[in-house]
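# A closer look at the structure
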Amino acid sequence: MDTYNYLKKYYENYDEDARLISKHGMVEYITTMKYIEKYLKPGMRIIEIGAATGRYSHTLAQKGYRVDAVELMEHNINIFKQNTIEGEPVTITQGNAVDLSGFDSDTYDITLLLGPMYHLFTTEDKLKALSEAIRVTKKGGLIFSAYCMGDASVLLYGFIRGEIYNIIEQCLLDTETFDTFSNPWDIFELHRKEDIDKLRAEFPVTQLHFVATDGYTHHMRDRVDQMDDRMYKLYLKYHLATCERQDMVGYSNHTLDIFRKD
């Protein structure tokens, strides 16, 4: 089974549309939107590569921005279309992040790459995806690239959920450095910050932010979901105050690398 079919099977059996709705899931969404909105200006054109069911694309289109979305999975595209409001300035195209040949260079003010780097397992494919995202972005435009982090998975899935010995037996972990290894059938590729820095260094870009989009949230997701509105508001304030602290970003399940095309 190739990577596409592993992903197809996964997304056809996973409610991606609901992922960012729970209180703990909303932390990632709120954080990501805060940083996107920091740079939005009227008239900007946006492309979302790997748009899934369109949570970000629809939100931005409903704010009046013209959004072109690209998504690989037909299942997600069907839901994306169902979620589209009449008159929304959004398009959806089936496509692959490593080949955006159907899109012109230097076109978009903001490029969102919020999912593809989760599912690319070779350096070659990761560099292709970044290269294509940068190519379609205007000079001076911004790229938002999201990643899944290895140490968060080691802690949450390995130690907290008690799967650490299974991970070791499957040769997914170096027991000296605790670096992680993934294969297409594992669905998610895991990174450390130095891996992400190394990928970005291949391109003429300037990093603006490196953000822990959910921070420690997933390690205490049950507690976060049980918070009353007052405590949840305070927790969000704490998270947003600390999400760029470099001594904490590695504990986040998801991170967001934000950089400008030079």
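These notes cover the structure that comes with them.

## A look at the overall build of the protein chain
Looking only at helices and strands, the protein chain features ten helices and eight strands. Radius of gyration (C-alpha) of the protein chain: 18 Å, near the 18 Å computed for a compact globule of 262 residues. Its C-alpha atoms give the protein chain principal-axis dimensions of roughly 50 × 45 × 35 Å. Among the 262 residues that make up the protein chain, the fraction classed as buried is 48%.

## Let's talk about the packing of aromatic side chains
The relation between two aromatic rings is expressed through the spacing of the ring centres and the mutual angle of the planes. Applying the stated rule across the entire model yields seven aromatic pairs. With a centroid separation of 4.9 Å and an interplanar angle of 85°, the aromatic rings of Tyr10 and Tyr11 are classed as edge-to-face. Given the relative accessible area of 22%, Tyr10 is considered partly exposed. Judged by its relative accessible area of 10%, Tyr11 falls in the buried class. With centroids separated by 6.5 Å and ring planes inclined at 35°, the aromatic side chains of Tyr235 and Tyr238 adopt a geometry described as tilted. Taken as a pair, Tyr235 and Tyr238 lie in helix α10 (residues 229–242) at a separation of three residues, close to a single helical turn. Judged by relative accessible area, Tyr235 falls into the buried class, the value being 10%.

## Considerations on the packing of helix α2 (residues 23–39) against helix α3 (residues 55–62)
Relative to each other, α2 and α3 sit at 45°, their axes nearing to 12 Å. Put simply, α2 runs oblique to α3. By crossing handedness, the relation of α2 to α3 is classed as right-handed. In this structure, α2 contributes Met26, Glu28, Tyr29, Thr32, Met33 and Ile36 to the contact, and α3 contributes Arg55, Tyr56, Thr59 and Leu60. Class assignment of the residues belonging to the contact of α2 with α3 gives a composition of six nonpolar, two polar and two charged.

## Description of the side chain of Glu71
For Glu71, the position within the fold is in strand β2 (residues 66–71). Given a relative accessible area of 6%, Glu71 falls into the buried group. Of the polar contacts made by the side chain of Glu71, one reaches the backbone nitrogen of Ala52; its length is 2.7 Å. Look past the residues within four positions of Glu71 in its chain and what remains in contact with it is Gly50, Ala51, Ala52, Asn76, Ile77, Ile92, Thr93, Gln94 and Gly95.

## Some words on unusual backbone geometry
Even without being a glycine, Ala52 presents a positive backbone phi close to 55°. Tracing the backbone shows Ala52 in the loop between β1 (45–49) and α3.

## Regarding the pattern of salt bridges
For the coordinates displayed, the defined rule picks out 14 salt bridges. Between Asp106 and Lys261 there is a salt bridge, and its shortest N-O distance comes to 2.7 Å. Remark: Lys261 occurs in strand β8 (residues 254–261) and Asp106 occurs in the loop between β3 (90–94) and β4 (108–113); sequence separation between them is 155 residues. Take Lys261: its relative accessible area is 11%, and that puts it in the buried class. The partner of Arg200 in a salt bridge is Asp197, with the nearest N and O atoms 2.6 Å apart. One end of the pair is Arg200 and the other is Asp197, both in helix α8 (residues 193–200) and three residues apart, which spans about a single turn. Residue class for Arg200 comes out buried when judged on its relative accessible area of 11%.

## Considering α8
Where α8 is concerned, the buried positions are Ile196, Leu199 and Arg200. Seen end-on, α8 carries its buried residues on one side only, within an arc spanning 95°. Each element contacted by the buried residues of α8 is listed here: α5 (123–135), β5 (137–149), β6 (190–191), β7 (205–212) and β8.

## Thoughts on the nonpolar core
Judged by nonpolar contacts, the single largest core of 30 residues is most densely connected at Ile36, Leu40, Ile46, Tyr56, Leu60, Leu112 and Phe144. Elements with a minimum of two residues in this core: α2, α3, β2, β4, β5 and β8. With sequence-adjacent residues up to four places away left out, Tyr56 is seen in contact with Leu20, Glu28, Tyr29, Thr32, Met33, Ile36, Glu48, Leu112 and Leu114.

Calculation notes
Residues numbered from 1 in each chain as written. Predicted model: local features only at pLDDT ≥ 70, side-chain atom pairs only at ≥ 80, totals over all residues. Heavy atoms only, no water. Helix = DSSP H or I, 4+ residues; strand = E, 2+ residues; numbered from the N terminus. Rg over C-alpha atoms; globule rule 2.2 N^0.38 Å. Buried < 20%, exposed > 50% of the residue type's maximum accessible area, 1.4 Å probe, protein only. Phe/Tyr/Trp six-rings, centres within 6.5 Å; stacked < 30°, edge-to-face > 60°. Axes fitted to C-alpha atoms, helices over the stretch in contact; angles between N-to-C directions. Parallel < 35°, antiparallel > 145°, perpendicular 65-115°, else oblique. Left-handed = near helix turned anticlockwise from the far one by under 90°. Contact = heavy atoms within 4.5 Å. Nonpolar A, V, L, I, M, F, W, Y, C, P; charged D, E, K, R; others polar. Polar contact = N/O pair within 3.5 Å; in protein donor to acceptor, adjacent residues only side chain to side chain. Salt bridge = Lys/Arg side-chain N within 4 Å of Asp/Glu carboxyl O. Arc of directions from axis to C-beta. Core = buried A, V, L, I, M, F, W, Y, C linked by side-chain atoms within 4.5 Å.

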